[in-house]
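Coordinate analysis (summary)
Read off the chains here:
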Amino acid sequence: MLTVMIADHDPTRAARLEQTFIEQGYAVAGVVDSAFALAAAVAALAPDIIIVGTDSPDRDTLEHLCLATRDCPRPVVMFTQDDASESIRAALKAGVSAYVVDGLETERIRPILEVARIRFEEHQILLQNTAENLRKAEERGLIDQAKQRLMAHQGLSEDAAYHAMRRNAMSENRRLVEVAASILQHLPA
């Protein structure tokens, strides 16, 4: 069973959202009535999905939603009346996984949450891949700098510098980038 947390400053709409999700078999971890409480609530309640009800996503809500999901990434579904392109774009930039205009029909809830969850997971994979590619590029840059420094200080060819670094890494059971960092630290530029 998925656990949802509801964030809505309108108590009537929040109660309706809570009742609807309970009727659909979801556990409601809590209801937050202020954007300022989002980060603490997400950290404390650890919901599977965050549900936001709003007439129109305002800047404060989006900023606090972004902060709340930065440290505790979660899929976010926003139910709203605002169909303006700028609002949709701002919400998606803030981390909203599904932006639903005009409607909380109970038969749509499960597919909406499933789409939000899948979209969120795919986005997380993209972020991880981007971070991994950036890390690899930085490591290649360090290795290239270390090769250049070895070539300059020891008169080695590029191939010989690389093989010397590899031999060192293997003999000391360290990663090549660790050897490169050590070379850059100990050999003057």
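In case you missed it, the structure is sitting above this.
First things first, this report covers the structure right here in the doc. (Residues numbered from 1 in each chain as written. Predicted model: local features only at pLDDT ≥ 70, side-chain atom pairs only at ≥ 80, totals over all residues. Heavy atoms only, no water.)

Bringing the overall build of the protein chain into the picture now. Assigned secondary structure in the protein chain consists of seven helices and five strands. The order of helices and strands in the protein chain, counted from the N terminus, is β-α-β-α-β-α-β-α-β-α-α-α. On C-alpha atoms alone, the protein chain measures out to a radius of gyration of 25 Å, which is more than a quarter above the 16 Å that the 2.2 N^0.38 rule sets for 189 residues. In terms of its C-alpha atoms, the protein chain occupies a principal-axis envelope of roughly 75 × 35 × 25 Å. Within the protein chain, contacts between residues at least 6 apart in sequence are counted, and of these 63% link residues at least 24 apart. As displayed, the protein chain has an accessible area near 10,900 Å², and 52% of this comes from carbon and sulfur atoms. Within the protein chain, one finds 20 positive and 28 negative side-chain charges whose respective centroids are separated by 11 Å. (Helix = DSSP H or I, 4+ residues; strand = E, 2+ residues; numbered from the N terminus. Rg over C-alpha atoms; globule rule 2.2 N^0.38 Å. Contact = heavy atoms within 4.5 Å. Areas by Shrake-Rupley, 256 points an atom, 1.4 Å probe, with all protein chains shown as cover. Lys, Arg positive; Asp, Glu negative; His and termini not counted. Charge placed at Lys NZ, Arg CZ, Asp CG, Glu CD.)

What follows covers the layout of surface pockets. Put simply, the largest pocket is a space of about 310 Å³. Looking at the largest pocket, it is lined by 17 residues, and the ones nearest its centre are Gly 95, Phe 120, His 123, Gln 124 and Leu 127. Every element with two or more residues in the lining of the largest pocket is listed here: α3 (59–71) and α5 (106–154). A total of seven residues in the lining of the largest pocket trace back to one element, the largest contributor, which is α5. By residue class, the composition of the lining of the largest pocket is eight nonpolar, five polar and four charged. (1 Å grid on protein atoms, 1.4 Å probe; cavity = no way out; pocket = protein on both sides within 12 Å on 5 of 7 lines; lining within 4 Å. Points joined across faces, edges and corners; volume = space filled by probe spheres on them. Nonpolar A, V, L, I, M, F, W, Y, C, P; charged D, E, K, R; others polar.)

It is worth spelling out the environment of Ser 171 at this point. Relative to the helices and strands, Ser 171 is located in helix α6 (residues 158–171). A residue is classified by how much of its surface remains accessible, and Ser 171, at 62% relative accessible area, is exposed. When the C-alpha atoms of Ser 171 and Phe 21 are compared, they prove to be 59 Å apart, with 150 residues separating the residues in sequence. Here Asn 168 takes part through its backbone oxygen, which lies 3.1 Å from a polar atom of the side chain of Ser 171. (Buried < 20%, exposed > 50% of the residue type's maximum accessible area, 1.4 Å probe, protein only. Polar contact = N/O pair within 3.5 Å; in protein donor to acceptor, adjacent residues only side chain to side chain.)

The subject of this paragraph is the state of the cysteines. Under the defined criterion, the tally for this structure stands at zero disulfides. The thiol of Cys 66 is not disulfide-bonded; the next cysteine sulfur, from Cys 72, is found 13 Å away. (Disulfide = S-S within 2.5 Å.)

Between helix α2 (residues 38–45) and α3, whose axes approach to 8 Å, the crossing angle comes to 30°. Overall, the two elements α2 and α3 adopt an arrangement that is roughly parallel. In the crossing of α2 with α3, the sense of the turn from one axis to the other is right-handed. Across the interface between the two elements, Leu 38, Ala 39 and Val 42 of α2 pack against Thr 61, His 64, Leu 65 and Ala 68 of α3. (Axes fitted to C-alpha atoms, helices over the stretch in contact; angles between N-to-C directions. Parallel < 35°, antiparallel > 145°, perpendicular 65-115°, else oblique. Left-handed = near helix turned anticlockwise from the far one by under 90°.)

Core analysis: the largest hydrophobic core is formed by 18 residues, its most contacted members being Met 5, Ile 50, Val 52, Leu 65, Met 78 and Val 96. Counting residues per element, the ones that place at least two in this core are β1 (3–7), α2, β3 (49–54), α3 and β4 (76–80). Val 52 has contacts with Ala 7, Thr 61, Leu 65, Val 76, Val 77, Met 78 and Phe 79, leaving out every residue within four places of it along the chain. (Core = buried A, V, L, I, M, F, W, Y, C linked by side-chain atoms within 4.5 Å.)

Our next topic: the environment of Ala 169. Examined against the element boundaries, Ala 169 turns out to sit in helix α6. Each C-alpha atom, one on Ala 169 and one on Val 179, is 6.0 Å from the other, the two residues being ten residues apart in sequence. Those residues in contact with Ala 169 that lie beyond four places of it in its chain are Arg 174, Arg 175, Leu 176 and Val 179.

It is worth spelling out the packing of aromatic side chains at this point. The full count for this structure, using the stated rule, is two aromatic pairs. Where Phe 21 meets Tyr 26, the ring centres are 5.8 Å apart and the plane angle is 65°; that geometry is what we call edge-to-face. For Phe 21, a relative accessible area of 0% corresponds to the buried category. Where Phe 21 meets Phe 79, the ring centres are 6.4 Å apart and the plane angle is 65°; that geometry is what we call edge-to-face. Residue Phe 21 is located in helix α1 (residues 11–23), and its partner Phe 79 is located in strand β4; the two are separated by 58 residues in the primary sequence. (Phe/Tyr/Trp six-rings, centres within 6.5 Å; stacked < 30°, edge-to-face > 60°.)

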